[in-house]
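Chains, contacts and geometry: an overview
Each chain, written out:
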Amino acid sequence: MTLTKKPLALVVASLSALVLTACGAAPGSDSSSASTDDDAAVSAAEELGMDLADCPAGVTEPLPAEANVGLTLPLTGGPATAFAVLGPGAQAALEEANATAGLDTSFNVIQKDDQFLPDKTLAATQELVQKDQVVAMTAVVGTAGVMAIRDILREDCVPGVSMAAGGVGAIDPEYPEIVQGVVPFTLDARIWVEAVNERYPDGAKIATFIGNTESGKDYGEQIDRWLEETGSASEIVSAETIEAADAASPSSQVTTMRNSGADVLFAAPTGGQCISMLTEMANQGWEPETFLTTNCASSTYFGAAGPAADGVQTVQSFKDINSPRFAGDEGIAAVRDALTEYAPDADVENTTTYSGYFYAETLVEAAKAAAESDLGLSQLGIIYAARHLDFHSPLLIDGVDFTVNGTEDMVPIEAAELNTWSVDDGGFVQGELYDFEGELTE
Amino acid sequence: MSLPYRIPAGSPLDRGWRLARVAAVVVLVLALPYLVATFQLSQITSALILAVAVVGLNLLSGFAGQISLGHAAFFGIGAYTTGVMTVTYDYGAWTSFVVGMLLCFVVGVAVGLPALRVQGMYLALVTLAVGVLLPSLIRRFDDLTGGSSGLFGMELAPPDTAYFAGRAGETVWMYYVTVGALVLSCLVVWNLMNGRMGRAVVALRDNEAAAIVMGVNRAFVRTVVFGISAAIAGLAGSLFAVSAGVLTPESVSLLLTINLLVAMVLGGRASFWGPVFGGLIIYFVPIWTSDLSQGPISGVLFGALVIALVFLMPGGLTGGLTSLVHRVVVVEPRPPVDLNEDPVPDAVPPDRPEGPGEERVPAGHTATG
C-alpha cells in the first residue's frame, strides 16, 4: 500500500470527512414503515406479538403478480451432498402451486449457497431480502442458521415458513415469523422416554450416544426434560458423545456404554455415524433396546447397516419413500409426479428431495389460507396463516398433521410412529402412534 | 507522448501521483456507502474483515516466509473472546477487542516458539495442530462458548447519531470500523517492515545463518512477528463476531485457514494491497460463481478460477495490476550519486543505511503495493 509520509494526517482527514457526512440519515436507510387502519391486520399482528409500526411498508399489501421466495442451503462443501437436493424439491412444490393453486401471485424460487455456515446464511438472507425482495423464506437448514437470520426476518417482517431446523431455537414465541418444518427433537426424546416408561415400569439403565452438535445438545436437554417431567424411574448410566466430523467407528464409546450395563440406548449421532454405530454395536455383540434419531429414519441408513439394524426403533412422522409399506402410496406417487413434471432435475429416489417439496408445500398451504382470509395474500397474511396452519401433507403418515396455533402451540409436528426396522421385511414395521398434539411447546 | 510515462522518483509529480492514489482510495472508501445497497456494504465489510486476517497472515507467511496453517485459530480466539466477553460477561465490545488481541499475541508467541526450531512443512504441522484443536475446544467448553449451537447476540453499538441509526446505519458503522481496523493493521505491518525489525525479518527469511551472524536476534524477531500476526488475525476475529452476530465452531474451522492462504496468494503475497484484493476475491468469487451456476458446479467454477488466476497472475492480483499500471506510468528511481564526480565527504555517515526521506522497500514489495 502506498502511503504518504504523514499517514496520521490522512486518517484525520478521512475522519473529518466522515464527521462532515455524518449529519443526515444513514445511506441506504428506509424509514417508511407499515401503517394501516385495517382492523384485521392490527388484530392479527397484536395476537402474534408483532408491532406493524416496526414492519416495512407493504407488509399488509397484496403480493405482486410475481414474487420471489428465498432458500439458503449448502450448495458447496461437505453438507451439500445431503442438502443440495432440497432446492429442486422446493421448486417443484412452488411451480406446481403456480400451475394449479389458482393464487393471484406466481412464486419464483431463488436459492443461495450458505455452505451450512450461519454467518453465510445471514449474508445470503440479507441479499435475498434486500436485493431479490423475497416475500418469504423456506427450507433454511439448521437451527443455528435459522437463529442467525431470525432478527432480519423479524425486522423486515418476512415469513420464514417451514424451516428445516429441529431445535428449540426455531420455535421461539419471540419470533412468530418463523415456523418449524421438521420433526422436532423434543418429540423424538418424548417418544423414547414414554416407550421406555411403558416397557420398563421399574426403570431402565439408559445409555446415550449423542453427536456433539446443535441438535445433539437439544437431544440431551430434551431427554433430561422428559425423564423428569414424566416421573420416569429410569436413569442415564452412560453419556457418550461423538464429533460431527468423526468418521471413525465409535468403538471406545460403544465399549464404554456396553460396560455400563445399560438396557436401553438413546442414539442421536450425525448422518453416516448412525450406520457405523450400529455396525460397531453388532461387532461388539452389544444388543440393548435401541432408539435411533429421526434424522436417520430412512431405509437409506437402516438398509446400509444391514443385519446390525434389525430391531432398531426410530420415530417417523414422514413416509419413507423407499419402504415397501408405502410402495403403492398415492400421496408419494402424486409428489413424485409433481417432482418429475415441475423439477425435471430433481432426484426422485432421494428422501431429502421430498423434504424440500414438503417445506415449500407448507408455504403454499399458508399462502392459500392467507388468500382466503381477511388479511389476503400479503406477507402478514402468510405469517398469520402459517402460525395457524392445520393441514395434512400427502408425505405425512396417517394420523400425523401439521398443526400450529399462534404462539400457544409453536410445534407443528407433535405426533409420530415408533417404528422398528425389520431385515426380513426389508423395511420399517409399523409401530405405535404417539400423539402429543399441543403438549410440546415449552 | 509515448507510454509508459516516466516520473522521476521524489519529484513533485511523483508526490502528486502518490497523493492522487491515496486520495482516490479515501474518496472510494467514503463514497461506497452511498454507491451500494446496504447488503452489499455488509458483504464488502465481511470481505474487508477477511482482508484484516490476511494482513496478519501475510506478515507471517508472506514477509517472514513462515507457513501457518493455524491462523483460523487466532481468528477464532479473537472472535470467541469478543463473543464470551460481550455476551456471557457483558463487557464492552472495544474492551473485548483489546483483550482478544492481547490473548492472540500471547498465544501467537507461544505457538511461535517452535518456529525457532522447525521450519517449512514441520512448522506448518505445528500450526495445523492449533487450527484443528480450537473447534474441538469450543465444542468441549460449550457452557462458555455455546458449543455447536453457536454463540449469538454480539454487536458493536454505533454512536448515538442519526447517521448510524437503524440497520442501514449499523452496517455503515461496521463498515467504517472495519476500514479503520484494516488501515491500522496495514500501518502496523508497514511500519514494522520499513524499520529495523522488517530488515531482520527479511534477512531471516532469505538467509537465516547470515542474519544470525550479522547480529539479528532470531528468537525475538520470530516470536514477536508470530505474535503480531496472531494479534491482527484476532482483531479480524473480533470484528467478525460483532459483524455477523453469530459464532459457531465451523466458522473458524481449518477451511478458513485455507481460504486465508488462498486469499494471500491470489491477492499477492508480501505486498500491502494483496490482502485487500485477496479478501475481496475469496469472499465475492464464491458468491458470483454460485449465482452463475446454482448447485455443486459453482464449487468447480471457483476452483477453476483460482487455478486460472494462479497461472495468469503468478504475482497475485497486485502483481497483475502493477504490470498494467507500469504500462502507463513508471516511477523511475533516482540515479545513484557518483561519488568520484561530486564527492561530499561526511554527507552521510557510513553506518547509516539510508538517507532522510528515503524509504527502503522490503523484498517482495511491489512498486504500487
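Residues numbered from 1 in each chain as written. Chains lettered and ligands numbered in written order. Predicted model: local features only at pLDDT ≥ 70, side-chain atom pairs only at ≥ 80, totals over all residues. Heavy atoms only, no water.

1. Overview of helix H11 (residues 254-267) of chain B
Residue and element names in this part refer to chain B. Filter applied, for reference: The secondary structure listing takes helices from DSSP runs of H or I that are at least 4 residues long and strands from runs of E that are at least 2 residues long, numbered from the N terminus. Expected helix span is given by 1.5 Å per residue-to-residue step, counting one fewer step than there are residues. Relative accessibility decides the category of a residue: with a 1.4 Å probe and only protein chains considered, values under 20% of the type maximum give buried, values over 50% give exposed, and everything between is partly exposed. Any two residues having at least one pair of non-hydrogen atoms within 4.5 Å are treated as being in contact.
Here H11 spans 20 Å end to end across 14 residues, near enough to the 20 Å set by a 1.5 Å rise per residue. Taken residue by residue, H11 has Leu 256, Thr 257, Leu 260, Leu 261, Ala 263, Met 264, Leu 266 and Gly 267 as its buried positions. Residues of H11 that are buried in the fold lie against helix H2 (38-63), helix H3 (71-88), helix H12 (274-292), helix H13 (297-312) and helix H14 (316-328). A positive phi of about 125° marks Gly 268, the residue just after H11.

2. Regarding unusual backbone geometry
Phi angles above zero are rare outside glycine, and Ser 162 of chain A is one such case at about 65°. Within the secondary structure layout, Ser 162 of chain A lies in strand E4 (residues 160-163). The class of Ser 162 of chain A is buried, set by a relative accessible area of 0%. One non-glycine residue, Ala 270 of chain B, lies in the positive phi region at around 60°. Within the secondary structure, Ala 270 of chain B is located in the loop between H11 and H12. A residue is classified by how much of its surface remains accessible, and Ala 270 of chain B, at 5% relative accessible area, is buried.

3. Description of the domain arrangement of chain A
All names here are of chain A. Formally: Start and end positions for the domains come from either an automated domain assignment or a database one. Summed over both partners, the accessible area (1.4 Å probe) lost when two parts come together is defined as the buried area. One speaks of a salt bridge when a side-chain nitrogen belonging to Lys or Arg is within 4 Å of a carboxyl oxygen belonging to Asp or Glu. Residues are grouped as follows: nonpolar covers Ala, Val, Leu, Ile, Met, Phe, Trp, Tyr, Cys and Pro; charged covers Asp, Glu, Lys and Arg; every other residue, Gly included, is treated as polar.
Splitting chain A by domain gives domain 1 (58-183 + 328-411) and domain 2 (186-316 + 417-435). On a C-alpha basis, the centroid separation for the pair domain 1 and domain 2 is 29 Å. Taken together, the 10 residues of domain 1 in the interface contact 11 residues of domain 2. Taken as a group, Val 168, Val 183 and Ile 397 account for 52% of the area that domain 1 buries against domain 2, more than any other trio of residues on that side. Inspection of the region where domain 1 meets domain 2 yields zero salt bridges. Classifying every residue of the side of domain 1 that touches domain 2 gives five nonpolar, five polar and no charged.

4. Considering the packing of aromatic side chains
Residues and elements named next belong to chain A. Rule in force here: Each Phe, Tyr or Trp ring, with Trp reduced to its six-membered ring, pairs with another whose centre is within 6.5 Å; inter-plane angles below 30 degrees give stacked pairs, above 60 give edge-to-face pairs, and intermediate values give tilted ones. Only lysine NZ and arginine CZ atoms are considered, and such an atom sits over a ring when it is within 6 Å of the ring centre and within 35 degrees of the ring normal.
Tallying each qualifying case throughout the model produces 26 aromatic pairs over all chains. Within the aromatic cluster, the residues linked to one another by ring pairs are Phe 185, Trp 192, Tyr 219, Phe 266 and Phe 291. The ring of Trp 226 carries Arg 190 above its face, with NZ or CZ at 4.4 Å from the centroid. The side chain of Arg 190 reaches across the aromatic face of Phe 436, ending 4.1 Å from its centre.

5. Notes on the pairing of strand E7 (residues 235-242) of chain A
Short version of the rule: Two strands make a pair as long as DSSP finds a minimum of two bridges between them.
Relative to E7 of chain A, strand E6 (residues 205-211) of chain A is paired through seven bridges, and the arrangement is parallel. Each bridged residue has a counterpart across the sheet, and for Phe 209 of chain A the counterpart in E7 of chain A is Glu 240 of chain A.

6. Thoughts on the environment of Ala 346 of chain A
Residue and element names in this part refer to chain A. You can see Ala 346 is positioned in the loop between helix H12 (330-342) and helix H13 (351-372). The class of Ala 346 is buried, set by a relative accessible area of 12%. For the pair Ala 346 and Leu 86, spaced 260 residues apart in the sequence, the C-alpha separation amounts to 8.9 Å.

7. Some thoughts on the state of the cysteines
All names here are of chain A. Heads up, the rule is: Any two cysteine sulfur atoms lying within 2.5 Å of each other are counted as a disulfide.
Counting across every chain of the model gives two disulfides over all chains. Across the disulfide from Cys 55 sits Cys 157; the S-S distance is 1.8 Å. Disulfide Cys 55-Cys 157: the torsion about the S-S bond is -75°, which places it as left-handed. Pair noted here: Cys 55 is in the loop between helix H2 (39-47) and strand E1 (66-73) and Cys 157 is in the loop between helix H6 (143-156) and E4, with a separation of 102 residues, a long-range link. What makes Cys 157 buried here is its relative accessible area of 2%. Residue Cys 274 pairs covalently with Cys 296 via a disulfide, S to S 1.8 Å. Between Cys 274 and Cys 296, the S-S torsion sits near 70°, and that sign places the bridge as right-handed. Placement of the pair is Cys 274 in helix H10 (residues 273-284) and Cys 296 in the loop between strand E9 (289-292) and helix H11 (299-305), with a sequence separation of 22 residues.

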